[in-house]
Amino acid sequence: MEINHEVNQPNPDSPKNSKSPGKRQLRRNLSHVSSCSTRMTQKSFENYWSVENFSIQLELHQHGEFMLAPKFGDNEYEFVMKLFPNGKDEETTGYLSLFLLINKCPNPRLRFRVSFTVETADGPRSCHLNKNLVTINRSGIVTASKFFSLDILKSATSIYTPNDILTIGCSLTIFGESLTWATNMFSPYSRKLNSSTNSRPGSYTPDSSSIEKPEEKPSEDRFPKLLESGEFSDFTVVASCGREFKTHMCVLSSRSDYFDALLRNKTTREYLEKRVTFDDISATTLDVILRHIYITNNGGTIEEHQLTPELVSATDRLMISSMRTLISEVISTNLTTQNIVGRITMAAELRLEDEYESLLHYFASHKKEAMESKPWAEMKKEKPEMTIKILEDAFLHHLEEPSGAVDRRIIDRITLS
């Protein structure tokens, strides 16, 4: 009681409400402490599908033609993988398209994490998905329309299709209900004092290792200077106009999955000649992309005039995930009725699902002005299928329905990639 009496007494030489920094306040005793724990049930599945004579399958299947794998799952869940070797339609020709069909599920809605991979001689290569964590209605479909580039597969067959065998992997973790129960595991007041606390009451001497040290300023990113000077260059990238960029294989392969696959195969013409030419990518676009690749500190920024359909297509073709992320951050900014159609098309090409839905909302809110714009008229003429898709998605996304009035299975389709 003597200690409590001393602590609670005000110090006559100090202000009434001040606290002495050298004294530690005592924690009041609680009469009752309770705790609980919540855990979510989980179930995991993995399935691997090997397609032999894959080069022959590519010749036999036109776009829109598919193959079905055997079912996998257990007594409660059943899934099927569906592969389009040459893409599901004209827009995805040049890519593998992979669908995951949910045949059986015990609940009306299914929550799960999904990962699609291509097994290679160097280990699994993951597909870039917009959403790995999915909530979908029973009997729904998860689609990766541009699952993997055929150009990448063909450029390094010994890595991606050894012995002419393509192996696709699908990994699922299903999340069930959350269960909560009372526990006695949490003991907040039994923690020991930090070992650096001095044994003398009211004093604290921090250990030297616990003192926060100021962060060292990162060194200047020297890679952009290497691109500008061409010093130590060992690979040449040529634009459609013939302009050459002196680059470095180690930088290209570390930032682009396309270049990584291209430069791993030492038997290709590009590797032997140390040179690649892009007949459909301009020097302006290549300049933007290469500068982004060589800025390793933060990836730089994209200016309004640089965000073009060609840049988006090149980003998708060269498989530059950091550029894709950068585009996703700016594609929904500075929207107008003149650029909304192009932005929606870009989001669809890069499979940016969240941005696509946000842009659809803007389109639906300004549909009269947007559909009177020149870009919309050009799209109707050049890409009628995309025009119909935007209209359908905008209608279905913003459809106001009474509860139970519409069969949601009609639109229960989530596109991840």
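Residues numbered from 1 in each chain as written. Predicted model: local features only at pLDDT ≥ 70, side-chain atom pairs only at ≥ 80, totals over all residues. Heavy atoms only, no water.

**Student:** Explain the overall build of the protein here, please?
**Tutor:** Looking only at helices and strands, one finds 16 helices and 14 strands in the protein. Expressed as a percentage of its 417 residues, the buried residues of the protein come to 39%. Long-range pairs, those at least 24 residues apart, make up 69% of the contacts in the protein with a sequence separation of at least 6. Surface summary for the protein: the accessible area is close to 25600 Å², and the carbon and sulfur share equals 49%. (Helix = DSSP H or I, 4+ residues; strand = E, 2+ residues; numbered from the N terminus. Buried < 20%, exposed > 50% of the residue type's maximum accessible area, 1.4 Å probe, protein only. Contact = heavy atoms within 4.5 Å. Areas by Shrake-Rupley, 256 points an atom, 1.4 Å probe, with all protein chains shown as cover.)

**Student:** Quick question: what am I supposed to make of the packing of helix 9 (residues 283–294) against helix 11 (residues 321–330) here?
**Tutor:** How two helices sit against one another is set out by the angle between their axes and by the gap between those axes. Two numbers describe how helix 9 lies on helix 11: the axes approach to 10 Å, and their chain directions differ by 110°. Between helix 9 and helix 11, the angle is such that the two are roughly perpendicular. Contacts between helix 9 and helix 11 involve Val 288, Ile 289 and His 292 on the former and, on the latter, Ser 322, Met 323 and Leu 326. When grouped by side-chain class, the residues that make up the contact of helix 9 with helix 11 number 4 nonpolar, 2 polar and no charged. (Axes fitted to C-alpha atoms, helices over the stretch in contact; angles between N-to-C directions. Parallel < 35°, antiparallel > 145°, perpendicular 65-115°, else oblique. Nonpolar A, V, L, I, M, F, W, Y, C, P; charged D, E, K, R; others polar.)

**Student:** What's the story with the environment of Leu 360 in this structure? I'm lost.
**Tutor:** Mapped onto the elements of the fold, Leu 360 is located in helix 13 (residues 353–365). Classification of Leu 360 by relative accessible area gives buried; the value is 2%. Through-space distance from the C-alpha of Leu 360 to that of Ile 340 is 8.7 Å; in sequence the pair is 20 residues apart.

**Student:** Honestly, the sheet that holds strand 13 (residues 275–277) in this entry has me stumped. Any pointers?
**Tutor:** Adjacent strands of a sheet pair through backbone hydrogen bonds, lying either parallel or antiparallel. The strand order 12-11-13 describes an open sheet built from 3 strands, whose pairing is mixed. Where the open sheet ends on each side, the last strands, each with one partner, are strand 12 (244–247) and strand 13. Averaged over all neighbouring strand pairs, the angle between strand axes comes to 20°, with direction disregarded. The pairing of strand 11 (residues 235–238) with strand 12 spans 4 bridges and is antiparallel. What sits directly across from Phe 235, in strand 12, is Thr 247. Sheet strands in contact with helix 7 (residues 257–264) are strand 11 and strand 13, and its direction is about 125° off that of strand 11. (Pairing = 2+ DSSP bridges.)

**Student:** How do you make sense of unusual backbone geometry when you look at a structure like this?
**Tutor:** With the exception of glycine, the majority of residues adopt a negative phi angle, and the majority of peptide bonds are in the trans configuration. For Phe 232, which is not glycine, the phi dihedral falls at a positive 65°. For Phe 232, the position within the fold is in the loop between helix 5 (223–229) and strand 11. With a phi close to 55°, Met 319 is a non-glycine residue in the positive phi region. Relative to the assigned elements, Met 319 resides in the loop between helix 10 (309–318) and helix 11. Given a relative accessible area of 16%, Met 319 falls into the buried group.

**Student:** How should I be thinking about the side chain of His 61 in this particular structure?
**Tutor:** With respect to the helices and strands, the residue His 61 is situated in the loop between helix 2 (54–60) and strand 2 (67–68). Here the side chain of His 61 touches Gln 57 through a polar contact of 2.9 Å, landing on its backbone oxygen. Setting aside its immediate chain neighbours within four residues, His 61 contacts Phe 66, Met 67, Pro 85 and Asn 86. (Polar contact = N/O pair within 3.5 Å; in protein donor to acceptor, adjacent residues only side chain to side chain.)

**Student:** What is the right way to read the packing of aromatic side chains from this model?
**Tutor:** The way to describe two aromatic rings as a pair is by their centre distance and the angle between their planes. The full count for this structure, using the stated rule, is 13 aromatic pairs. Where Tyr 258 meets Phe 259, the ring centres are 5.4 Å apart and the plane angle is 80°; that geometry is what we call edge-to-face. With respect to burial, Tyr 258 and Phe 259 carry one shared label: buried. Note on Phe 259 and Phe 278: the rings are 6.3 Å apart at their centroids and 85° apart in plane angle, and the pair reads as edge-to-face. (Phe/Tyr/Trp six-rings, centres within 6.5 Å; stacked < 30°, edge-to-face > 60°.)

**Student:** Just to check I follow, could you spell out the pairing of strand 12 for this structure?
**Tutor:** A regular strand carries its side chains on alternate faces of the sheet. Burial along strand 12 is one-sided: Phe 245 and Thr 247 are buried, and none of Glu 244 and Lys 246, which face the opposite way, are. Hairpin connection, strand 11 to strand 12: the antiparallel pair is bridged by 5 residues, and Gly 242 has positive phi, about 100°.

**Student:** What should I look at first to understand the pattern of salt bridges in this one?
**Tutor:** A side chain with one charge can pair with a side chain of the opposite charge if their charged atoms come near. Summed over all chains, the structure comprises 18 salt bridges. Arg 125 is the salt-bridge partner of Asp 257, the closest N and O atoms lying 3.6 Å from each other. Of this pair, Asp 257 sits in helix 7 while Arg 125 sits in strand 7 (residues 123–126), and the two are 132 residues apart along the sequence. Taken together, the shared-partner salt bridges connect Arg 125, Asp 257, Asp 260 and Arg 264 into one network. (Salt bridge = Lys/Arg side-chain N within 4 Å of Asp/Glu carboxyl O.)

**Student:** Can you walk me through the pairing of strand 11 in this structure?
**Tutor:** Residues Phe 235 and Val 237 of strand 11 are buried on one face, and the alternating residues Thr 236 and Val 238, pointing to the opposite face, are buried as well. As defined by bridge partners, strand 11 adjoins strand 13 across 3 bridges and the pair is classed as parallel. Note on strand 13: the bridge partner recorded for Thr 236 is Arg 275.

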